[in-house]
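Structural overview
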Amino acid sequence: AAPPGWTIVQLDYSQVELRVAALLSDDKVMQAIFAGPDDYHMRTAELIAPFAWGIDAAMWAGLSPADKKTKRTAAKAVNFGILYGSGDFALAKGIGCTKKQAGIIKAAVNGTFKALDKWCKARLAETRRTGEAWTWWDGQPARCRPLPGIASPIDGTRGTCERASWN
């Protein structure tokens, strides 16, 4: 119990990166999920199910809790993987599927959260143009991160910089 005049506050930073991404990208679909009672990753799995796994709403309703949990785990990996720039190979390894299937799932998430996808692509284009990425604070650019490797002919160097452009 808190002493008189004080309040105990418990904070949960659950999915904070996704919440920030929803805010910065102004993705209305993401924002609607966060505003509602649904588990974000489970809702993502349900939304992408027709595209990623060929599972329609009726089939989704009939899935066992274990099957839904497996789909949620895949959706969670892709949700965060997109923010952190995971490629199809890394996603496939993380969720135990083929690289092709990971690409299909990733495309389904990007197709569901179109504003987020557009925002990530815009950050990448800006970084390619300027060679730097910016963090934001209170709607303003706050800190510059030089990324001179964005133009590197070395795939690993360039890829790291590309991912950092929106991360």
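Description of the structure in this document. (Residues numbered from 1 in each chain as written. Predicted model: local features only at pLDDT ≥ 70, side-chain atom pairs only at ≥ 80, totals over all residues. Heavy atoms only, no water.)

Things to note about the overall build of the chain
For the chain, the helix and strand inventory stands at 9 helices and 2 strands. Ordered by position from N to C terminus, the α and β elements of the chain give α-α-α-α-α-α-α-α-β-β-α. Projected onto the principal axes, the alpha-carbon positions of the chain cover approximately 60 × 50 × 25 Å. Accessible surface, the chain as shown: approximately 10,400 Å² in total, 59% of it carbon and sulfur. Between the averaged position of the 22 positive side-chain charges in the chain and that of its 16 negative side-chain charges there is a distance of 4 Å. (Helix = DSSP H or I, 4+ residues; strand = E, 2+ residues; numbered from the N terminus. Areas by Shrake-Rupley, 256 points an atom, 1.4 Å probe, with all protein chains shown as cover. Lys, Arg positive; Asp, Glu negative; His and termini not counted. Charge placed at Lys NZ, Arg CZ, Asp CG, Glu CD.)

Notes on the environment of Lys-93
With respect to the element layout, Lys-93 can be found in helix H6 (residues 88–95). When the C-alpha atoms of Lys-93 and Asp-38 are compared, they prove to be 27 Å apart, with 55 residues separating the residues in sequence.

Details of the pattern of salt bridges
With the rule as written, the count across this model stands at 10 salt bridges. Of the charged contacts in the structure, one is a salt bridge between Asp-38 and Arg-43, with a shortest N-O distance of 3.9 Å. The exposure class of Asp-38 is partly exposed, given its relative accessible area of 43%. Glu-126 is the salt-bridge partner of Arg-129, the closest N and O atoms lying 2.8 Å from each other. Placement of the pair is Arg-129 and Glu-126 together in helix H8 (residues 114–130), with a separation of 3 residues, close to one helical turn. Looking at Arg-129, the relative accessible area reads 63%, which means it is exposed. (Salt bridge = Lys/Arg side-chain N within 4 Å of Asp/Glu carboxyl O. Buried < 20%, exposed > 50% of the residue type's maximum accessible area, 1.4 Å probe, protein only.)

Notes on helix H3 (residues 40–52)
Taking 1.5 Å as the rise per residue, H3 with 13 residues should run 18 Å; its terminal C-alpha atoms sit 17 Å apart, in good agreement. If you look at H3, its biggest bend is around 30 degrees, right at Glu-46, and the proline Pro-50 turns up within four residues after that. Burial in H3 covers these residues: Tyr-40, His-41, Thr-44, Ala-45, Ile-48, Ala-49 and Ala-52. Tucked inside the fold, the buried residues of H3 contact helix H1 (16–25), helix H2 (28–35), helix H4 (57–62), helix H5 (65–84) and helix H7 (99–112). (Expected span 1.5 Å × (residues − 1). Bend = angle between axes of the 7 residues up to and from the residue. Contact = heavy atoms within 4.5 Å.)

Comments concerning the nonpolar core
For soluble globular proteins, nonpolar side chains are generally found buried alongside one another. In terms of nonpolar packing, the biggest core is built from 32 residues, with Leu-18, Met-30, Tyr-40, Phe-113 and Leu-116 touching the most fellow members. Top element by residues in this core is H5. It accounts for 5 residues. Apart from residues no more than four positions distant in its own chain, Phe-113 is found in contact with Asp-27, Val-29, Met-30, Ile-33, Tyr-40, Thr-44 and Asn-79. Within the second largest apolar cluster, 6 residues are counted, among which are Ala-45, Ala-49, Ile-55 and Trp-60. (Core = buried A, V, L, I, M, F, W, Y, C linked by side-chain atoms within 4.5 Å.)

Description of the state of the cysteines
Summed over all chains, the structure comprises 0 disulfides. The thiol of Cys-120 is not disulfide-bonded; the next cysteine sulfur, from Cys-161, is found 16 Å away. Free cysteine: Cys-144, not disulfide-bonded; nearest cysteine sulfur from Cys-161 at 12 Å. (Disulfide = S-S within 2.5 Å.)

Some words on the packing of aromatic side chains
Inspection of every chain in the model, using the stated rule, returns 3 aromatic pairs. Between Phe-34 and Tyr-40, the ring centres sit 4.4 Å apart and the planes meet at 10 degrees, which makes this aromatic pair stacked. The pair Phe-34 / Tyr-40 is uniform in exposure class, with both members buried. Seen in terms of ring centroids, Tyr-40 and Phe-113 are 6.0 Å apart; in terms of plane orientation they differ by 15 degrees. Their pairing is stacked. Here Phe-113 lies in the loop between H7 and H8 and Tyr-40 lies in helix H3, a separation of 73 residues in the sequence. Here Tyr-40 matches Phe-113 in class, with each residue buried. An aromatic cluster of three or more residues is present, and its members are Phe-34, Tyr-40 and Phe-113. (Phe/Tyr/Trp six-rings, centres within 6.5 Å; stacked < 30°, edge-to-face > 60°.)

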